[in-house]
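Structural features, examined
Each chain, written out:
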Amino acid sequence: VTQERGAGFAGAGAGSVSARLKLLVSEAWRSLGANLSTTVAATMTVLISMFLLGLFIGFGTWMDSWSTHVKSELLVKIYFAPHATIQEKNTLARQLQQNQYVLQNGVKYVSKEAGLADMKRRFPALVEGLAYNPLPDSLQVKPKRGEDIDKLYAAIVKPKLPPGVAKVEDAKQKSHAILRVAHYIDVFFILAAGVLLIASVLLISNTIRLSIFSRRREIEVMKLVGATNWFVRGPFMLEGVFCGLAGALLAIFFLVIGKAAVLPAIVPRLTNDPDVHSWGFPLISLVVLLFGLGVGAFGSGITMRRFLKV
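I will try to describe carefully the structure that is included in this document. (Residues numbered from 1 in each chain as written. Predicted model: local features only at pLDDT ≥ 70, side-chain atom pairs only at ≥ 80, totals over all residues. Heavy atoms only, no water.)

1. Re the sheet that holds strand β3 (residues 138-143)
Read across the open sheet, the 4 strands follow the order β2-β3-β1-β4; overall the sheet is antiparallel. Two strands close off the open sheet at either side, each with one partner strand: β2 (102-110) and β4 (165-170). Between one strand axis and the next, the sheet turns through 20° on average, direction left out of account. Bridge analysis of strand β1 (residues 76-80) against β4 gives 5 bridges, and the strand direction is antiparallel. From the neighbouring strand, K77 faces β4, where its bridge partner is E169. Across the face of the sheet, helix α7 (residues 149-157) comes into contact with β1, β2, β3 and β4 while running at roughly 170° to β4. (Pairing = 2+ DSSP bridges. Helix = DSSP H or I, 4+ residues; strand = E, 2+ residues; numbered from the N terminus. Axes fitted to C-alpha atoms, helices over the stretch in contact; angles between N-to-C directions. Contact = heavy atoms within 4.5 Å.)

2. Description of α7
Where α7 is concerned, the buried positions are I149, L152, I156 and V157. Seen from one end, α7 has its buried residues packed into an arc of 120°, which puts them on one side. (Buried < 20%, exposed > 50% of the residue type's maximum accessible area, 1.4 Å probe, protein only. Arc of directions from axis to C-beta.)

3. Digging into the nonpolar core
One finds M50, I204, F236, V288 and V295 to be the most contacted residues of the largest nonpolar core, which totals 25 residues. With residues up to four places along the chain from it excluded, the contact list for V295 reads V46, M50, L197, S200, V201 and I204. Formed by 16 residues, the second largest nonpolar core is a distinct cluster that contains F80, A84, I156 and V165. (Core = buried A, V, L, I, M, F, W, Y, C linked by side-chain atoms within 4.5 Å.)

Take a look at the structure:
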């Protein structure tokens, strides 16, 4: 049987390209079936790693978009004292608009009446029954970048508060805490996906190594009857690619199910802002598919280089 398979390879080497590819694919499938347990293990590991990779890409890009949105909403709020004059307010607004850390047209004056109306709209229970308006006039100042909020705050309050200003507030503590949590989550997903990618490569490598070992006599005969190195190596490379492709396709299938079943219930609870979104699902699927193929090809390549001397 071994001699017949070797002769088949030699004959295919002189045949058409389609005949060569057909023989390579059939040999790869035969070998995958002969090592079914390791093939399934390698495919399942690729499935898990690619599924987590898809989750990381989706969740990571959503978190990045959300953090960008949070930073774009950061404000420094300047509250005026009751005795502040119109001239003091206008002077401060002009100075801030020329500040290097302030977004162009990023200074907004909010009267005490407008502030109370906004409070009634957002938190009606808090202002119900108020006998008078306790809110002061204020300026809302938006930095050029979210990361500039500390510098902007320091430029306003140092060396002392501007004339007519009673208090200056920013949201840096809250925003820093939110972005820190987002960073930790991203790091966790990166590490988890990295570990599973390495495990996938190792399992695919082990599958190819077992296949090489079980077919070592057949490889010798194939070389004796004239099979080229490309024909000897081809089926092993295809085995790894098939494992990677199957795992990636299964991962995309489960990502589709999760997207349809889970996301509609989760995303509206997190935010309704239209500018917060992850990458499109077709792009995520394409990345997962390419990574799956890459893992399979890489696992096959390093194994053949180490164990298959032809």
